[in-house]
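Here is how the chains run, residue by residue.
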Amino acid sequence: MPPKKGKGKKGKKKKKPKKPKGMLEDPGVVVKRLSKLYIDNCAKKKNVVCPGVKAMLKDCYENDRLIVKFILEPVPDFQDEVLSNVSLDTVVMTIRHERYKWVKEFHVWDIPLKHETVANLALMLETGIYPVIRIELVDCALVPFSIARIAQPLSLNTSLVTSLCLDYNEFGDEGVKGLCAGLASNKVMLSLSLCYCDLGVESGAMLGDLISKTAIREIYLNGNNLEAEGVIELIKMAVDHAEVESRERQEEASRKAAEAEALTLLQEKEKRERRGVISDTEKQDEEKPASAKSSKSGKKKKKKGKKKKGKTKDPPGPPPVGPLIYKLHVADNGIDAHGRGSTYAPVIAMRLFRTLIEHSMCLQEIDLDDNAIGDLGGREIMDGLKARGEADLPGIKMAVTHQMNSDTFASIVKLGAGLKKKKKKKGKKKKKKK
């Protein structure tokens, strides 16, 4: 007799990802058509196809999922008489032709962008169809006029961009002026990165004003020339706000303590009154006959209460607007005694940082590395960290230069450890001050 076939374990079938609302076709079909259109457009525009985008598109349509992130990098050592290197224009044109409305992130690295290309990207954002939340244009040789153009769609109510990174574009104070004008009415952006952009003291005042009017809470400005004076202008409104909040917290705590004390006194009074009432009722019960007591001894039936329905969670509200700094990175910004301010400018700046550290509830990170703040400046930071610990505020991550008293530096490292820094690009140097 042939052996009986045993029942083998059936493998679990992979569930197909759910289609987004308003999507009639499978995600894989849409992405495959997008991939074909991108390759055709590259041929028409005589651009080389970006290997990273091509591979990502292929992976998405093979796994039947949508592509939400586009990362563009140039082909290294590319030389061709007919074709040009990777282009952002072709990607934007493909997305608009297909009306692919599921893109969320654009990352463009080391590709020089003409003003025409930046304008095409801005026009796409202005339509309000594409839910882009992150834009990263790193080392793209952007000029001040292009910066002002990319900031225009971010001022619209339809903008969803929460993170903007423009590192390694040397547009200077003029570019920051156009950027701040565009972002002045923005209420959704949370993170702004302008590292190694040749920013000067004037940019500190403009960015400080921008932070006080918007929801931006994470600022990355490493490798610029803000100096002590620019940094003072950048954080002074946030410092004032932190002090006001600290006073309000103290007043609230004292009010709650007074209320708690009054409540305990009231409860004690009620207990004393209750004891007197109970003693009177006990005397009355002793005088009553036993038959009256037995009639009341029956158990009462409890009414069944209706089950409460689970409450649905409300969607998160808009981010708070105001001078609230969560993360501030100003490493290598010429904060020393040789700047425009007096020789005491670094100490004045560090006193402001001490106040911010001591009072700000929302503060999470500060990077002051590669700035010669000196022993006095280091002591201010150390005292601020100690006072923060004594006030039972959440801990923060801190980075400073080691060029100070060794004991002070060791205390700062111990009290504010764990800061992860952005990696500096190879071959890129900060512009020297004139």
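Placed above this text is the structure.
On a predicted model such as this, the values are computed, not experimentally measured, just so you know.

Conventions adopted
Residues numbered from 1 in each chain as written. Predicted model: local features only at pLDDT ≥ 70, side-chain atom pairs only at ≥ 80, totals over all residues. Heavy atoms only, no water. Salt bridge = Lys/Arg side-chain N within 4 Å of Asp/Glu carboxyl O. Helix = DSSP H or I, 4+ residues; strand = E, 2+ residues; numbered from the N terminus. Buried < 20%, exposed > 50% of the residue type's maximum accessible area, 1.4 Å probe, protein only. Pairing = 2+ DSSP bridges. Axes fitted to C-alpha atoms, helices over the stretch in contact; angles between N-to-C directions. 1 Å grid on protein atoms, 1.4 Å probe; cavity = no way out; pocket = protein on both sides within 12 Å on 5 of 7 lines; lining within 4 Å. Points joined across faces, edges and corners; volume = space filled by probe spheres on them. Nonpolar A, V, L, I, M, F, W, Y, C, P; charged D, E, K, R; others polar. Right-handed = clockwise from strand over helix to strand, strands pointing away.

1. Considerations on the pattern of salt bridges
The tally for this structure, following the rule as stated, stands at 15 salt bridges. For Arg-33, the salt bridge identified is with Glu-98, shortest N-O distance 3.0 Å. Here Arg-33 is found in helix H1 (residues 27-45), whereas its partner Glu-98 is found in helix H3 (residues 88-98), with 65 residues between them in sequence. Note on Glu-98: relative accessible area 19%, which makes it buried. A salt bridge links Asp-383 to Arg-354, with the shortest nitrogen-to-oxygen separation between them at 3.8 Å. Separated by 29 residues along the polypeptide, Asp-383 in helix H11 (residues 374-390) and Arg-354 in helix H10 (residues 345-359) bring together distant segments of the chain. Given the relative accessible area of 27%, Asp-383 is considered partly exposed. Beyond isolated ion pairs, a larger network of salt bridges with shared partners links Arg-351, Arg-354, Glu-358, Glu-380 and Asp-383.

2. Focus: the sheet that holds strand S8 (residues 365-368)
Read across the open sheet, the nine strands follow the order S1-S2-S3-S4-S5-S6-S7-S8-S9; overall the sheet is parallel. In this open sheet, the two strands that pair with only one neighbour each are strand S1 (69-72) and strand S9 (397-400). Each adjacent strand pair in this sheet contributes to an overall mean axis angle of 5 degrees, direction not counted. As paired elements, strand S6 (residues 218-220) and strand S7 (residues 327-329) share three bridges and run parallel to each other. Among the inter-strand pairings, Ile-219 is bridged to a residue of S7, identified as Leu-328.

3. Regarding the layout of surface pockets
A volume near 460 Å³ is recorded for the largest pocket. When residues in the lining of the largest pocket are grouped by element, the largest group, six residues, is from H3. Classifying every residue of the lining of the largest pocket by side-chain character gives eight nonpolar, seven polar and five charged.

4. Some points on the pairing of strand S3 (residues 134-138)
Most of S3 is tucked away, with four of its five residues classed as buried. Taken together, the five bridges between strand S2 (residues 105-109) and S3 define a ladder with parallel strand orientation. Residue pairing across strands places Phe-106 opposite Ile-135, the latter belonging to S3. As a crossover connection, the stretch from S2 through helix H4 (residues 115-126) into S3 is right-handed.

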